[in-house]
Amino acid sequence: MNMTFRWFGEKDDSISLEQIRQIPGVTGVVGALYDVPVGDVWPMDKIIALKDSVEKAGLKLEVIESVNVHEDIKLGLSSRDKYIENYRQSIINLGKAGVKVICYNFMPVFDWLRNNLAYPLLDGSNALCYDHDIVKDIDPVKLVEDTAKSSNGFTLPGWEPERLSELKDTFEKYKNVNEDKLFDNLEYFLENIISACEEADVKMAIHPDDPPWPLFGLPRIVTDRKNLERLVNLVDSPYNGLTLCSGSLGANPDNNIPDLIRNFGKMGRIHFGHVRNLKFFGERKFHESSHLSLDGSFDMFEIMKAYHDIGFKGYIRPDHGRMIWAEKARPGYGLYDRALGVTYLNGLWEAIGKMTSGGE
Ligand SMILES: [Mn+2]
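Overview of the structure. (Residues numbered from 1 in each chain as written. Predicted model: local features only at pLDDT ≥ 70, side-chain atom pairs only at ≥ 80, totals over all residues.)

### Notes on the overall build of the protein
Operational definition: Starting at the N terminus, helices and strands are each numbered in turn, a helix being any DSSP run of H or I of at least four residues and a strand any DSSP run of E of at least two. The atom set for the radius of gyration is the C-alpha atoms, and the globule formula is 2.2 Å times the number of residues raised to the power 0.38. Any residue whose C-beta has 12 or fewer other C-beta atoms within 10 Å is treated as exposed, any with 20 or more as buried, and any in between as partly exposed, C-beta atoms being built from the backbone. Here, residue contact means that the backbone-derived C-beta atoms of the two residues sit within 7 Å.
Looking only at helices and strands, the protein features 14 helices and 12 strands. Here the protein has a C-alpha radius of gyration of 19 Å; the compact-globule value for 360 residues is 21 Å, and the two agree. If you line up the protein on its principal axes, its C-alpha atoms span 55 × 45 × 40 Å. Per-residue burial for the protein yields a buried fraction of 44% across its 360 residues. Taking the contacts inside the protein whose residues are at least 6 apart along the sequence as the reference set, 73% of them involve residues at least 24 apart.

### Examining the sheet that holds strand β11 (residues 285-288)
Using the following cut-off: The pairing criterion for strands is at least two bridges between them, as found by DSSP. Only C-alpha atoms enter the line fits that serve as axes; for helices the fit covers just the stretch in contact. Angles between N-to-C directions range over 0 to 180 degrees.
In spatial order, the strands read β5-β6-β11-β10; together these four strands make up an open sheet with antiparallel pairing. Looking at strand neighbours, the two that pair on one side only are β5 (116-120) and β10 (278-282), the edges of this open sheet. Averaged over all neighbouring strand pairs, the angle between strand axes comes to 35 degrees, with direction disregarded. As judged from the four bridges shared by β10 and β11, these two strands associate in the antiparallel manner. Considered in β11, the bridge of Gly282 is made with Lys285.

### A short note on the sheet that holds strand β9 (residues 270-275)
Ordered by their spatial adjacency, eight strands build a closed barrel running β1-β2-β3-β4-β7-β8-β9-β12, and the pairing between neighbours is parallel. Shown here is a sheet whose adjacent strand axes are inclined to one another by a mean of 30 degrees, direction ignored. Sheet topology places strand β4 (residues 101-104) next to strand β7 (residues 203-206); four bridges connect them, and they run parallel. The residue of β7 that forms the bridge with Tyr104 is Ile206. Helix α12 (residues 257-266) contacts β8 (240-245) and β9 of the sheet and is inclined by roughly 160 degrees relative to β8.

### Quick notes on unusual backbone geometry
With an omega dihedral of -5 degrees, the bond running from Glu65 to Ser66 counts as a cis peptide bond. Checked against the element boundaries, Ser66 lands in the loop between β3 (60-65) and α3 (71-75). Residue Pro211 is reached from Asp210 by a cis peptide bond, and omega for that bond is 0 degrees. Take Pro211: it is sitting in the loop between β7 and α10 (225-234). Unlike most non-glycine residues, Arg284 shows phi in positive territory, near 55 degrees. Following the sequence through the fold, Arg284 ends up in the loop between β10 and β11. At Trp325, a residue that is not glycine, the phi angle is positive and equals roughly 55 degrees. Assignment of secondary structure puts Trp325 in the loop between β12 (315-318) and α14 (336-357).

### A look at the nonpolar core
The nonpolar side chains of a soluble globular protein tend to be buried with one another. Selection criterion: The term nonpolar core refers to a group of buried residues, namely Ala, Val, Leu, Ile, Met, Phe, Trp, Tyr and Cys, whose C-beta atoms join them within 7 Å.
If you look at the biggest cluster of nonpolar residues, it comprises 81 residues, and the most contacted ones within it are Val29, Ile91, Leu94, Ile102 and Ile261. The element contributing the most residues to this core is helix α9 (residues 179-200), with eight residues. Discounting residues that sit within four places of it in the chain, Ile91 has contacts with Ile102, Ile193, Ala196, Cys197, Ala200 and Val202.

Structure follows, in structure tokens:
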């Protein structure tokens, strides 16, 4: 297991690489280029500049999150081929720079979605929150505006303004795309990039839909075990893999996270683990919590044990954290609570290792 930490770059993050380097056990950064428009090729010089800055700080850059997929690919428009060709070139360029895993998602229009980015918790901290009773009645355009306003001045990952500027138009285009069609479009994408992945030795790791159910009439397919099985079988290659996000999949209590880790881990299809906790307060209602089992609804020991049991050699990162100690940062991506998360997950990992084998 390689412990990593998401970083948004010198210009876009309140946290420095030097701070990340001082979190015990973190060996790498999960990075991205945030100034390349969706659909364009990631240029070699920018990738190398990012890699150099990360390595100068004593960290590795082996995971990218995300190389976003152009909406035309998800919609299956005839213009998709040029964007797929660009995506192939980005994969090749990233492989040349030593990147091993690309996390991406295939969610129509929206990436992750919450109705409150600063939900107050009893201890005085705040966290991201989702309440379906509120979300189901929100006008999506208003939700985009509200989310942008409460982002503490940072661009939120997956909510880049250029992706959302033509919202109404995009919704219209999705009227003809149901789940099966979206699966077909994902298959077409994967079939056409997988040879580039093999050539570059870069593994694709799709992130589950967050939350894992349809929203605003848009289809969502990376949601549960059945669909994950369908997904890995679209292209039967280890390069077609998963980012197993406990918080996204776990928002549906029918998804048993340790079982999913064991099942897809044994198949060699999990390349990246997002590990976080959340607390339910009703059906399709949850707020995020600290990583500690006691603070949320998941048994984090069982999650880490599942990774340990499969001999997981891929990358793990703590996922969203609460905002604590008066930190001002991108919602979900402060330093302090995620650093606490790393330390806790590393503690579980060490203990599980010593208990199960008497060794590391
Ligand atoms: Mn995640």
